[in-house]
2 protein chains.
Amino acid sequence: MQVSEIGEFGLIARLRRMLTTRAEGLVEGVGDDAAVFESVQGGFWAFTMDALVEGVHFDTAYVSWHALGYKSLAVNISDLAAMGGSTTSFALVALGLGGEMDVGAVEEIYRGLNECGQRYNCRVVGGDVVNSPQGMFLSVALVGHIPGDRFLTRDSARPGQVVMVTGTLGDSYLGWRWLKEGKSEDNTCARRHLYPQPRLEEGEKALYMGATAAIDVSDGLVRDLRHICEESGVGAEIRAAAVPLSPAAMETAQGLGEEPLHAALHGGEDYELILVAPYDDAVRFQEELGVAVIGEIREGEGVQVLEPSGRPIELDRSGWEHFKEE
Amino acid sequence: MQVSEIGEFGLIARLRRMLTTRAEGLVEGVGDDAAVFESVQGGFWAFTMDALVEGVHFDTAYVSWHALGYKSLAVNISDLAAMGGSTTSFALVALGLGGEMDVGAVEEIYRGLNECGQRYNCRVVGGDVVNSPQGMFLSVALVGHIPGDRFLTRDSARPGQVVMVTGTLGDSYLGWRWLKEGKSEDNTCARRHLYPQPRLEEGEKALYMGATAAIDVSDGLVRDLRHICEESGVGAEIRAAAVPLSPAAMETAQGLGEEPLHAALHGGEDYELILVAPYDDAVRFQEELGVAVIGEIREGEGVQVLEPSGRPIELDRSGWEHFKEE
């Protein structure tokens, strides 16, 4: 059986069964944004890793080396944000590249990594550079300290809780479409696609304020919220009118002939946080974190998005999945 | 300027200058086998990462998927061993593969990872699987706890100390040559190449017994010892007759028409430990760890290997370097 027959998520589900889920010192194993193990004297270490492949996750035709470095670290910091933030983190970078690659380009990647690290208090402390004649890839591993006595997970959403989201959604997808059409980087959505701003501070505050579940938006609102629902054994109901859209997204969508709500529901890589918290805390979260309350956790399963009339919107159920042939 | 013009080590040297070497909580930055940061209440966390690329670091013509998984974790555990061992460690794996890959093969890789993890008390807790149509790669990141109040480094060798090595050298290189000729896996050297046994316990004991510097043999004895000399600002003198060779290496070398001493000096991937300790402790190390005492640290620089007559052996100065064209 080929990987393409079961797809990325099918493969991951099979491999998860083979991995360690319980071990001394291990608090959270496979299946969350990061693995978490205990620190002595309170607090936890979150441990996460991502890989980006040229031609699959980035296209150097419209992503600068600097942006590539920045983003490859930012997406890992975003995983940390989804666990409840961190005061200090450390990162290692493995870079696979061919001998014909320009040294200045590699240095630009590292400049991007450092810029992101400085902004989010993450130290890029080393890594590996290996020969990869077939194509470039970047893999970043990150360890971050969570100082509190608990952390945010995907499996702790309960019926009756509210679903909230930081910032606005859809911008990154629209920015990606914008760049793919060969248009200028001087567009708010394009910049959000190239230089995502992980919500590290918001994750930390949300944990402190009593949020229970969280995930970062990497695959799209509907898909990522579905992960929370599956892991928690619940369903979710989202009000379409409450999903936050930026003026830039509205404008860029118009220029592209795209539907901004569709981009917000299904477009990925916004690296905003979906937060779930007790119903009574919603106003406090709105005031202190500026989040939008977009819906509620329900008994049952699956994600529904409702029009103002109450009618459910037909969702794009296929979404985009690696390996599966279209 | 292309990467091939300055080579792997030239590139790494440039990138090192760009990375964080000092930060709060960071004890050891770039330039050792692993980065090290402080744990609260004593002890340290060592953090290391490697990437293996198909066709560069492994050839599936003679490496089984199981061995690939095993080895990719073992080489990271070896980095941990070179810092002074660990009681507990956690690993993440990023796997880049094409959709045509067989699911059973991916599961075999994970079985190999788990087998190695179980042997060395390392929990494989998650990772990432990404689409990489151009070729396969594996990247492993590892975090391990070092319980003591210090750890082994590359920069702490001092003139007058002894240089020791665990096990025997050259086996892995000879095993690799053996496999490349299409011969059976049923050869001690071939097995050592496919299933290296990192010296985790020896690293931990050596730290406890007062060793100061260490490195694992991944690029070959001469080259790796040179790293210690460069980082410590010293030289080293090795007695060729004292370099430990296994009966299997002697026999396999004969079958291949290779020189076993050359394999031991320049062949890599043995994942034995080079240990440096005070002169007076040499006998104790020999008795308790079964190491071979192979030479001494001197004032000056560089590595010299002496014949019994005292004449220095002509060393293969070029060695094998990624990216550089032969």
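Owing to the predicted nature of the structure, the values given are computational and were not obtained by experimental measurement.

Here we look at helix 6 (residues 200-209) of chain B
All names here are of chain B.
Then, number 1: For helix 6, the complete set of buried residues consists of Leu-200, Glu-202, Gly-203, Glu-204, Ala-206 and Leu-207.
Then, number 2: Its buried side turned inward, helix 6 meets helix 2 (65-81), strand 8 (213-216), strand 10 (273-277) and helix 10 (282-289).
Then, number 3: At the C-terminal side of helix 6, Gly-210 shows a positive phi close to 105 degrees.

Observations regarding the domain arrangement of chain A
Residue and element names in this part refer to chain A.
Then, number 1: Annotation of chain A at the domain level lists domain 1 (3-146) and domain 2 (162-306).
Then, number 2: Residue-level contacts link 19 residues of domain 1 with 19 residues of domain 2.
Then, number 3: Here the side of domain 1 that touches domain 2 is built from residues that sort into 11 nonpolar, 5 polar and 3 charged.

Some thoughts on the environment of Ile-6 of chain A
Then, number 1: Structurally, the position occupied by Ile-6 of chain A is in helix 1 (residues 3-16).
Then, number 2: With 17 C-beta atoms counted inside 10 Å, the residue Ile-6 of chain A sits in the partly exposed group.

Observations concerning the relation of the copies chain A and chain B
Then, number 1: The transform that puts chain A on chain B rotates by 180 degrees and translates by 0.0 Å along the axis, for an RMSD of 0.0 Å. Here the symmetry operator amounts to a two-fold rotation axis. Taking C-alpha positions as reference, the residue of chain A nearest the rotation axis is Gln-134 of chain A, located at 2.9 Å.
Then, number 2: Of the interface residues in chain A, 100% have counterparts in chain B that sit at the interface too, so the contact is made through matching surfaces.

Quick notes on the sheet that holds strand 9 (residues 235-239) of chain A
Residue and element names in this part refer to chain A.
Then, number 1: Pairing is mixed across the open sheet formed by 6 strands, whose spatial order is 8-10-7-11-9-12. This sheet does not close on itself; its edge strands, each paired only once, are strand 8 (213-216) and strand 12 (302-306). Taken over all neighbouring pairs, the strand axes of this sheet differ in orientation by 25 degrees on average, direction set aside.
Then, number 2: With 4 bridges connecting them, strand 8 and strand 10 (residues 273-277) associate as antiparallel partners.

With respect to the sheet that holds strand 10 of chain B
Residues and elements named next belong to chain B.
Then, number 1: Spatially, 8-10-7-11-9-12 is the arrangement adopted by the 6 strands of the open sheet, whose pairing is mixed. Pairing within the sheet leaves two strands with one partner each, and these edge strands are strand 8 and strand 12 (302-306). Across the sheet, the axes of successive neighbouring strands diverge by a mean angle of 25 degrees, strand direction being ignored.
Then, number 2: Looking at chain direction, strand 7 (residues 162-165) and strand 10 are connected through 4 bridges and run antiparallel. Bridged to Met-164 within strand 10 is Leu-275.
Then, number 3: Helix-sheet contacts for helix 7 (residues 221-232) involve strand 7, strand 8, strand 9 (235-239), strand 10 and strand 12, and the interaxial angle to strand 12 is about 135 degrees.

A look at the packing of helix 4 (residues 171-180) of chain A against helix 8 (residues 247-256) of chain A
Residue and element names in this part refer to chain A.
Then, number 1: Remark: helix 4 packs on helix 8, axes separated minimally by 10 Å, with the N-to-C direction vectors making an angle of 35 degrees. The element helix 4 and its partner helix 8 pack so that their crossing is left-handed. Where helix 4 approaches helix 8, its residues Asp-171, Leu-174, Arg-177 and Trp-178 are matched on the opposing element by Ala-248, Ala-249, Thr-252, Ala-253 and Leu-256.

Thoughts on the packing of helix 2 (residues 65-81) of chain A against helix 3 (residues 103-119) of chain A
To characterise two packed helices, one gives the angle between the axes of the helices and the distance between these axes.
Residues and elements named next belong to chain A.
Then, number 1: At their nearest, the axes of helix 2 and helix 3 sit 6 Å apart, and the two run at 40 degrees to each other. When the axes of helix 2 and helix 3 are compared, the pair comes out oblique. Helix 3 is crossed by helix 2, and the crossing has right-handed handedness. Contacts between helix 2 and helix 3 involve Trp-65, His-66, Ala-67, Leu-68, Gly-69, Tyr-70, Leu-73 and Ala-74 from the first element and Ala-105, Glu-108, Ile-109, Tyr-110, Arg-111, Gly-112, Leu-113, Glu-115, Cys-116 and Gly-117 from the second.

What to know about the interface of chain A and chain B
Then, number 1: Across the contact, 63 residues belong to chain A and 63 residues belong to chain B.
Then, number 2: When contributions to the side of chain A that touches chain B are tallied by element, the ones reaching two or more residues are helix 1, strand 2 (35-38), strand 3 (44-53), strand 4 (89-97), helix 3, strand 5 (122-131) and strand 6 (137-146) of chain A.
Then, number 3: The element best represented in the side of chain A that touches chain B is strand 5 of chain A, accounting for 9 residues.
Then, number 4: Considered class by class, the residues forming the side of chain A that touches chain B number 35 nonpolar, 19 polar and 9 charged.

Digging into the confidence of the model for chain A
Then, number 1: On average, residues of chain A score 90 in pLDDT, and 92% of them reach the 70 mark or higher.
Then, number 2: With a pTM of 0.90, the predicted complex shows an ipTM of 0.87.

Observations regarding helix 7 of chain B
All names here are of chain B.
Then, number 1: A rise of 1.5 Å per residue sets the reference length of helix 7, with its 12 residues, at 16 Å; its end C-alpha atoms lie 16 Å apart and thus fit the reference within 8%.
Then, number 2: Across the 12 residues that make up helix 7, a large majority, 10, are buried.
Then, number 3: When helix 7 is considered as a whole, its buried residues turn out to be Leu-221, Val-222, Arg-223, Asp-224, Leu-225, Arg-226, His-227, Ile-228, Cys-229 and Ser-232.
Then, number 4: Directly beyond the C-terminal end of helix 7, a positive phi value near 70 degrees is found at Gly-233.

With respect to the pairing of strand 10 of chain A
Then, number 1: Among the 5 residues of strand 10 of chain A, 5 are classified as buried, and the element is accordingly described as predominantly covered.
Then, number 2: Along strand 10 of chain A, one buried face is formed by Leu-273, Leu-275 and Ala-277 of chain A and the opposite face, lined by Ile-274 and Val-276 of chain A, is buried too.

Observations regarding unusual backbone geometry
All names here are of chain A.
Then, number 1: In this structure, Asn-121 is a non-glycine residue whose phi angle is positive, near 55 degrees.
Then, number 2: Judged by C-beta crowding, with 15 C-beta atoms within 10 Å, Asn-121 ranks as partly exposed.
Then, number 3: The backbone phi angle of Glu-269 is positive, close to 65 degrees, even though this residue is not glycine.
Then, number 4: In this structure, Glu-269 sits in the loop between helix 9 (260-266) and strand 10.

A few points about the environment of Thr-166 of chain A
Residue and element names in this part refer to chain A.
Then, number 1: Mapped onto the elements, Thr-166 comes out in the loop between strand 7 (162-165) and helix 4.
Then, number 2: Given 27 C-beta atoms within a 10 Å radius, Thr-166 is considered buried.
Then, number 3: C-alpha of Thr-166 to C-alpha of Leu-275: the two residues are 109 residues apart in sequence and 8.0 Å apart in space.
Then, number 4: In this structure, Thr-166 is in contact with Arg-199, Glu-202, Glu-272, Leu-273, Leu-289 and Val-291, ignoring residues within four places of it in sequence.

Reading the values: the criteria
- Residues numbered from 1 in each chain as written.
- Chains lettered and ligands numbered in written order.
- Predicted model: local features only at pLDDT ≥ 70, side-chain atom pairs only at ≥ 80, totals over all residues.
- Buried ≥ 20, exposed ≤ 12 C-beta atoms within 10 Å, placed from the backbone.
- Helix = DSSP H or I, 4+ residues; strand = E, 2+ residues; numbered from the N terminus.
- Contact = placed C-beta atoms within 7 Å.
- Domains from an automatic or database assignment.
- Nonpolar A, V, L, I, M, F, W, Y, C, P; charged D, E, K, R; others polar.
- Least-squares fit on C-alpha atoms with pLDDT ≥ 70 in both.
- Pairing = 2+ DSSP bridges.
- Axes fitted to C-alpha atoms, helices over the stretch in contact; angles between N-to-C directions.
- Left-handed = near helix turned anticlockwise from the far one by under 90°.
- Parallel < 35°, antiparallel > 145°, perpendicular 65-115°, else oblique.
- pLDDT = per-residue confidence, 0-100.
- Expected span 1.5 Å × (residues − 1).

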